[in-house]
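Structure at a glance
These are the residues of each chain, in order.
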There are 2 protein chains.
Amino acid sequence: MASVEFEAERGKGKDMKTISENRAYGGVQGVYSHTSEACGCDMTFGLFLPEEAETQPVPVIWYLSGLTCTHENAMVKAGAQKWAAEAGVGIVFPDTSPRGAGVADDPAYDVGQGAGFYVNATEAPWAANFRMWDYVTDELPRILFNAFPVEEARQSIMGHSMGGHGALTIGMSFPGRYRSVSAFAPIAHPTACDWGRKPFAAYLGPDESKWAAYDATLLMRKRGFDGPILIDQGAADPYLDTLMPEKLAEAMMARRQNGAFRMQKGYDHSYFFVSTFIEDHIGFHAAALYD
Amino acid sequence: MASVEFEAERGKGKDMKTISENRAYGGVQGVYSHTSEACGCDMTFGLFLPEEAETQPVPVIWYLSGLTCTHENAMVKAGAQKWAAEAGVGIVFPDTSPRGAGVADDPAYDVGQGAGFYVNATEAPWAANFRMWDYVTDELPRILFNAFPVEEARQSIMGHSMGGHGALTIGMSFPGRYRSVSAFAPIAHPTACDWGRKPFAAYLGPDESKWAAYDATLLMRKRGFDGPILIDQGAADPYLDTLMPEKLAEAMMARRQNGAFRMQKGYDHSYFFVSTFIEDHIGFHAAALYD
């Protein structure tokens, strides 16, 4: 039984609490919380492990979620587990920001709790907790690889909207770490759009040269990604003008980046879009992880 | 036996000669020649018809070839027939230019015979014969739909390199005629590159405003295509700088064009590239043709 082994493994992590574990597609969908040093608060994440993880470590896909989401949205609405189970890969669903009474917030949906943008904030009042870059690329990986049967040598990363931005920027910033990157409707060029300029100014200050490290289009122009990339964008997405897919598509093809950019007729920005194409994305990552 | 019925059907066409017919994948790969009014010379084309065409008309895919090719190259090297047979669709392979002793030519490979560029030339000495636009969009369709069991209501179009340019520009110029368009390594923005400026100047004269109707990127910016588009480009293609895939990719995504643009790592400009992904392309068209 998987949970017994997991329980023993989790002993290695400090301060980890099991919120829930549910059997799903022959594996286990778990939700765990832990004290985060990076974020200075308790953080919660979801982790799906397929049946294979009972006997051996499995590859893992990072799924970064979008604005207003928690660890839970994709976990319950994307329909990823079926395909992860078929492929024998795990999926981890981090939260999108620090949270809690002691954490700075803003009434707007695009700055503050639920809108971490996967950056390390340097400006008050955000710098104290909003270090989602460090959390997702350093702290949570250490916890994950210490406590669960997942393989550090076989990771891929994906995300939706703000999480697509996160997946692309993180993927390009750690050459050799991730085998593949994919995104649904990523915020593709945040230094040039509303879903970027406002939170970046808040978190990073007015010096735009500090924003460039968090812009997928700029990173693509500068260095690209050392593996395959898959992007899906809905053609009926109401946020297309701020997502700016054309800028990332141009940069990908100008760099001759291994990958595909797909414009899907009639689809919008919702999880109905994500769930329609999640099979393709999990299969894409599985091919890279088992290459 | 298919060829008997084909023979009867061909009676409807004038001046048509059967060069060869070979059984292939349960259907027939034919090569036919006829007197072309558009080109003022004899023209040869290949036509694969699947087994289903023995009893009923089938959908048809136009395959436009690249520089230096005849009707034969894709027919013998692309490996399309297997997938067309599985999908129950025909494929027609037109030649790439007028030919013969009485037809103007140039020692260069990128102007003259084998380099028709799917335009109607207006300049001497080319205007007399180089009317490949009319040939592919008007004369050959009339011959085809008159003489063979293929459905005018279900057509798609694809091509390679110069033929990808042709497929895209023709597809966008006849809304409602083609269900889908695909291209391998298309000359994506010919008014801005060597594989375009030189032949366009020769065929169309110095007024660049007349070139715009034959530029896929400009047409995409202006109107787009009313169906799905699939583009494959090899990342190791030695002609990338003149193919300019990034311009078409940007234009597609800026228009929110239904479709996918794929950059395939390690592949070059040859038929080894085409044959690797031809299954995807035929399947893509078949899905649109049987929608």
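Quick caveat: nothing in here was measured; it's all calculated off a predicted structure.

A few points about the UniProt feature "active site" (unreviewed entry) in chain A
Residue and element names in this part refer to chain A. UniProt's feature table lists "active site" (unreviewed entry) at Ser-161, Asp-237 and His-269, given in the numbering used throughout. Spanning 109 residues, the named residues form one tight spatial group whose C-alpha atoms are at most 10.9 Å apart. Following the sequence through the fold, Asp-237 ends up in the loop between strand E8 (229–234) and helix H8 (240–243). Given the relative accessible area of 5%, Asp-237 is considered buried. Not counting chain neighbours up to four residues away, the residues in contact with Asp-237 comprise Ala-185, Leu-243, Tyr-267, Asp-268 and His-269. Relative to the helices and strands, His-269 is located in the loop between strand E9 (259–264) and helix H10 (271–289). Beyond its immediate sequence surroundings of up to four residues, His-269 is in contact with His-160, Ser-161, Ala-185, Trp-195, Asp-237, Pro-238, Tyr-239 and Leu-243. For His-269, the side chain forms a polar contact with the side chain of Ser-161, separated by 2.8 Å.

Topic: the layout of surface pockets
Taken as a whole, the largest pocket holds about 690 Å³ of empty space. Along the wall of the largest pocket there are 28 residues; nearest its centre are Pro228(A), Asn258(A), Ala260(A), Phe284(A) and Gln264(B). Looking at the lining of the largest pocket, the elements with two or more residues in it are E8, E9 and H10 of chain A together with strand E9 (259–264) and helix H10 (271–289) of chain B. Its residues placed into classes, the lining of the largest pocket shows 15 nonpolar, seven polar and six charged.

Description of the interface of chain B and chain A
Counting residues at the interface gives 19 residues for chain B, matched by 19 residues for chain A. Buried area between chain B and chain A, summed over both chains or domains, comes out near 1,700 Å², and the portion from carbon and sulfur atoms is 58%. Counting the surface chain B buries against chain A, the share from its top three residues, Met253(B), Arg256(B) and Met263(B), is 39%. Where chain B meets chain A, there are six salt bridges. Salt-bridge contacts for Arg256(A) lead to Glu246(B); the nearest nitrogen and oxygen are separated by 2.9 Å. Applying the counting criterion to the chain B and chain A interface returns seven residue pairs in polar contact (both at pLDDT 80 or more). Among the secondary structure elements, those contributing two or more residues to the side of chain B that touches chain A are helix H8 (240–243), helix H9 (245–255) and E9 of chain B. Looking at the side of chain B that touches chain A, the element that brings in the most residues is H9(B), giving seven residues.

Considerations on the environment of Ala85(A)
Positionally, Ala85(A) belongs in helix H3 (residues 80–87). Beyond its immediate chain neighbours, meaning those up to four positions away, Ala85(A) contacts Tyr25(A), Phe48(A), Pro50(A) and Glu52(A).

Structural notes on the packing of H3(A) against H10(A)
All names here are of chain A. Between H3 and H10, the least distance of the axes is 9 Å, while the angle of their chain directions is 30 degrees. Relative to H10, the element H3 is oriented roughly parallel. Considering how the two elements wind past one another, H3 and H10 form a crossing that is right-handed. Within the contact between the two elements, H3 uses Ala-80, Trp-83, Ala-84 and Ala-87 and H10 uses Ile-278, Glu-279, Ile-282 and Ala-286. Each residue belonging to the contact of H3 with H10 can be placed in one class, and the counts come to seven nonpolar, no polar and one charged.

Quick notes on unusual backbone geometry
With an omega of 0 degrees, the peptide bond between Ala124(A) and Pro125(A) qualifies as cis. Summarising the element assignment, Pro125(A) is placed in the loop between strand E5 (90–94) and helix H4 (132–147). Positive phi is not limited to glycine here, since Phe117(A) has a value of about 60 degrees. Although it is not a glycine, Ser161(B) sits at a positive phi angle of roughly 60 degrees. What makes Ser161(B) buried here is its relative accessible area of 4%.

Considering helix H6 (residues 194–204) of chain A
All names here are of chain A. Residues Trp-195, Gly-196, Pro-199, Phe-200, Tyr-203 and Leu-204 constitute the buried set of H6. The buried residues of H6 occupy one face: seen down the axis, they fall within an arc of 105 degrees. Where H6 is buried, its residues touch helix H5 (162–173) and H8. Positive phi appears at Gly-205, one or two residues downstream of H6, with a value of about 90 degrees.

Concerning the relation of the copies chain B and chain A
When chain B is brought onto chain A, the operation consists of a screw motion whose angular component is 180 degrees and whose axial shift is 0.0 Å, with 0.0 Å RMSD remaining. When the rotation and shift are considered jointly, the pair of chain copies conforms to a two-fold rotation axis. The fraction of interface residues of chain B whose copies in chain A are also interface residues reaches 100%, indicating that both copies meet through the same surface.

Some thoughts on the state of the cysteines
Within the structure shown, the criterion is met by zero disulfides over all chains. No disulfide involves Cys41(A); its nearest neighbouring cysteine sulfur is the one of Cys39(A), lying 5.3 Å away.

Examining the side chain of Arg256(A)
Along the polypeptide, Arg256(A) turns up in the loop between helix H9 (245–255) and E9. In contact with Arg256(A), not counting residues within four places along its chain, are Ala235(B), Leu240(B), Asp241(B), Pro245(B), Glu246(B) and Met263(B).

With respect to the pattern of salt bridges
Applying the stated rule across the entire model yields 26 salt bridges over all chains. One salt bridge connects Lys82(A) with Glu86(A), and the closest N-O pair in it is separated by 3.6 Å. Residue Lys82(A) and its partner Glu86(A) are located together in helix H3, separated by four residues, close to a single helical turn. The exposure class of Lys82(A) is partly exposed, given its relative accessible area of 32%. With its nearest N and O atoms 2.6 Å apart, the salt bridge here joins Arg99(B) to Asp95(B). Classification of Asp95(B) by relative accessible area gives buried; the value is 4%.

Considering helix H4 (residues 132–147) of chain B
Residue and element names in this part refer to chain B. Helix geometry: H4 is bent most strongly at Leu-140, by close to 40 degrees, with proline Pro-141 lying one to four residues after it. Where burial is concerned, most of H4 is hidden: twelve out of the 16 residues are buried. Taken together, the buried positions of H4 are occupied by Met-132, Trp-133, Tyr-135, Val-136, Thr-137, Glu-139, Leu-140, Pro-141, Ile-143, Leu-144, Phe-145 and Ala-147.

A word on the environment of Asp215(B)
Residues and elements named next belong to chain B. Tracing the backbone through its elements, the reader meets Asp-215 in the loop between helix H6 (194–204) and helix H7 (216–222). For Asp-215, a relative accessible area of 0% corresponds to the buried category. Along the sequence, Asp-215 and Thr-191 sit 24 residues apart, while their C-alpha atoms lie 6.3 Å from each other. Residue contacts for Asp-215: discarding those within four places in its chain leaves Thr-169, Ala-188, His-189, Pro-190 and Thr-191. Of the polar contacts made by the side chain of Asp-215, one reaches the backbone nitrogen of Thr-217; its length is 2.9 Å.

Calculation rules
Residues numbered from 1 in each chain as written. Chains lettered and ligands numbered in written order. Predicted model: local features only at pLDDT ≥ 70, side-chain atom pairs only at ≥ 80, totals over all residues. Heavy atoms only, no water. UniProt positions renumbered as here; feature names shortened; annotations may be inferred. Helix = DSSP H or I, 4+ residues; strand = E, 2+ residues; numbered from the N terminus. Buried < 20%, exposed > 50% of the residue type's maximum accessible area, 1.4 Å probe, protein only. Contact = heavy atoms within 4.5 Å. Polar contact = N/O pair within 3.5 Å; in protein donor to acceptor, adjacent residues only side chain to side chain. 1 Å grid on protein atoms, 1.4 Å probe; cavity = no way out; pocket = protein on both sides within 12 Å on 5 of 7 lines; lining within 4 Å. Points joined across faces, edges and corners; volume = space filled by probe spheres on them. Nonpolar A, V, L, I, M, F, W, Y, C, P; charged D, E, K, R; others polar. Buried area = accessible area lost by both parts, 1.4 Å probe. Salt bridge = Lys/Arg side-chain N within 4 Å of Asp/Glu carboxyl O. Axes fitted to C-alpha atoms, helices over the stretch in contact; angles between N-to-C directions. Parallel < 35°, antiparallel > 145°, perpendicular 65-115°, else oblique. Left-handed = near helix turned anticlockwise from the far one by under 90°. Arc of directions from axis to C-beta. Least-squares fit on C-alpha atoms with pLDDT ≥ 70 in both. Disulfide = S-S within 2.5 Å. Bend = angle between axes of the 7 residues up to and from the residue.

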